[in-house]
Every structure is written in C-alpha cells, then in structure tokens.
Amino acid sequence: AVVVQMTPDGRALAANVGDCGFRVVRDGAVVAASEVGQHHFDCPYQLTDPNCGFDGVDLAEERAVVSDLQLRAGDVLLLASDGLYDNVHEAELLEIVAATLAQGAGGPADRTTQGLADALAA
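Predicted model, so just to flag it, every value in this text is computed and none were measured.

(A) Geometry of the sheet that holds strand 2 (residues 11-16). Across the sheet, three strands lie side by side as 1-2-7; this open sheet has antiparallel pairing. On the outer flanks of this sheet lie strand 1 (2-6) and strand 7 (65-70), each paired with one strand and no other. The mean inter-strand angle of the sheet, taken between neighbouring strand axes irrespective of direction, is 15 degrees. Direction of pairing for strand 1 relative to strand 2: antiparallel, over a ladder of five bridges. Bridging across to strand 2, Met6 finds its partner in Ala12.

(B) Up close: helix 3 (residues 90-104). Taking 1.5 Å as the rise per residue, helix 3 with 15 residues should run 21 Å; its terminal C-alpha atoms sit 21 Å apart, in good agreement. Burial in helix 3 covers these residues: Leu93, Leu94, Ile96, Val97, Thr100 and Gly104. Buried residues of helix 3 fall within an arc of 160 degrees about the axis and therefore sit on the same side. Exposed and facing more than 90 degrees away from the buried side of helix 3 are Ala91, Glu95, Ala102 and Gln103.

(C) Representation of the pairing of strand 4 (residues 29-33) in the model. In terms of strand pairing, strand 3 (residues 21-26) meets strand 4 through four bridges, oriented antiparallel. Bridge pairing in strand 4 links Val25 to Val30.

(D) Quick peek at the nonpolar core. Leu78, Leu84, Leu116 and Leu120 are the most contacted members of the largest nonpolar core, which totals 13 residues. Of all the secondary-structure elements, those providing two or more residues to this core are strand 8 (76-80), helix 2 (82-85), helix 3 and helix 4 (109-121). Tallying contributions element by element places helix 3 first for this core, with four residues. Not counting the four nearest positions on each side in its chain, Leu78 is found in contact with Gly21, Phe22, Arg23, Val25, Tyr85, Leu93, Val97, Leu116 and Leu120. Ranked by size, the runner-up nonpolar core spans seven residues in total, among them Ala14, Phe22, Val24 and Leu71.

Here is what the cut-offs are and how they apply
Residues numbered from 1 in each chain as written. Predicted model: local features only at pLDDT ≥ 70, side-chain atom pairs only at ≥ 80, totals over all residues. Heavy atoms only, no water. Pairing = 2+ DSSP bridges. Helix = DSSP H or I, 4+ residues; strand = E, 2+ residues; numbered from the N terminus. Axes fitted to C-alpha atoms, helices over the stretch in contact; angles between N-to-C directions. Expected span 1.5 Å × (residues − 1). Buried < 20%, exposed > 50% of the residue type's maximum accessible area, 1.4 Å probe, protein only. Arc of directions from axis to C-beta. Core = buried A, V, L, I, M, F, W, Y, C linked by side-chain atoms within 4.5 Å. Contact = heavy atoms within 4.5 Å.

What follows is the structure, given as structure tokens:
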C-alpha cells in the first residue's frame, strides 16, 4: 500500500508498505522513488491484521517507509504497485509519461491524468 498526503506548500508526505510505491518524474527523469520494504529479495512486507493469529505479522506502523518530498510545478507523481514497477522498465515509463504529457498539453489536467493512467495500464 502507498498513501500520499499533499500539503499546501507543495510537499508530498508518503508512506508505503511492501512493493507498492511512488515515482516523481521531473523534466523527463525520475528524481525520487520510494524504497521497497521487504524481509529479503522478492518477499515484501504485507499489510495484515494483527489479530489474525499468524506469527511474524507485518504492522504498517512498524514497516512503513516514510518519505517527505518537495514537489515542483509540472512534477508527475506516480503511485503504483509492483504490477507496474516490475513489468515496465524506467525508460519505457518515462517515454509513456512524456508522450502523454505532450498529447495533453494545454488541455484539462484531469484528461491528462486519465490519459496517463490509461497509457500505463495498456
């Protein structure tokens, strides 16, 4: 899971557990990315109910990776799971973002945002 709170002064306060996370794209480059929270390679932390009765439960308050980012006008903040990040290389991700932003230039931001989501899911 990844949760981001935007503040009026342009900060993004993020918390992620496991292999969901964020990328900040600025001027055609990834300038910030969340860290994967994991026990070891390919074994990410999982959100679980502490009352489920399993040993070794991952509690979000103990396992979350917290980030404080200063965003700029024009930054693109991507929130996704490993379904995207494990299957789309960073260079391809940047190409998709650039192409979508170019197509949506001058149009409504919500149309560009939906277009980016559609392009990344395709």
